Amino acid sequence: MRFLFSLLIVAGCLLANSCKKKENFASTQILNETVNTSAILKYKGTFTSGPYGTTIGTAEIYLQDSIYLLKISNFNTTNGPALHVYLSKESMPINYVDLGSLKSINGSHVYAINGQLDFSQYKFISIHCVEYNHLFGSAILN
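As the structure is a prediction and not an experimental result, all values here were calculated from the model. (Residues numbered from 1 in each chain as written. Predicted model: local features only at pLDDT ≥ 70, side-chain atom pairs only at ≥ 80, totals over all residues. Heavy atoms only, no water.)

### Some thoughts on the confidence of the model for the chain
What counts here: Looking at any residue, its pLDDT shows the predictor's confidence there, from 0 to 100. Throughout, a contact is declared for two residues whenever any of their heavy atoms are within 4.5 Å.
Here the chain averages 88 in pLDDT, while 84% of its residues score no lower than 70. A low-confidence stretch, residues 3-21 (pLDDT under 50), is modelled with two contacts involving residues beyond four sequence positions or located in other chains.

### Some words on the pairing of strand β5 (residues 83-88)
Note the threshold: Exposed residues in this analysis have more than 50% of their type's maximum accessible area, buried residues have under 20%, and partly exposed residues fall in between, with area computed by a 1.4 Å probe over protein chains only. Elements are defined by DSSP. Helices are runs of H or I of four residues or more, strands are runs of E of two residues or more, and each kind is numbered from the N terminus. Two strands pair if DSSP finds at least two bridges between them.
Counting buried residues in β5 gives six out of six residues, a clear majority hidden from the surface. Here β5 shows a buried face lined by L83, V85 and L87 and a second buried face lined by H84, Y86 and S88. In this structure, β5 lies alongside strand β8 (residues 124-129), joined through six bridges in antiparallel fashion. The residue bridging H84 from the neighbouring strand is H128, located in β8. Pairing between β5 and strand β6 (residues 96-101): five bridges, direction antiparallel. From the neighbouring strand, L87 faces β6, where its bridge partner is V97.

Put into C-alpha cells, the structure is as follows:
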C-alpha cells in the first residue's frame, strides 16, 4: 500500500512539473508583425539551426526614428522552454543583450533594441533556451 501511495505522489509531482514547464514554451500562433515602411534596413542575416533545434528564417535590423528594431521573418523554430531572442557577440551567446521572450515559433515578429549598440560587435541573433542554456538557432548579421 505504501508503494502505491508513493508511486501516486511521484506521478502527481511529475505531472505537475511537466505542466508548469509547458507554460514556459513559446506560442505556436503564426504572427505577422511588420515595421513601418519608412524604416531603413541596416543589417540582415539568415538563421541556421543550432545543436538543440531546427530554426529557419531571416533576421533584419531596421532603423526607425532613431530606434533600432529587429524583425524576424518567415520564421520557424523547434519549440522549447524559456526561449529568448538575444543580440549577441557570439553565436552561442556569452556577451549578449536579451531582447525578450520569443513571441512565437512561427511567422514574423518585431523586437525593440534598447540603447545604441555597436553592430560590428553584436552581429548575431540567437534563439536561446534560458532554462537549459541551449542554442536553437542563430543568424549572422551583414
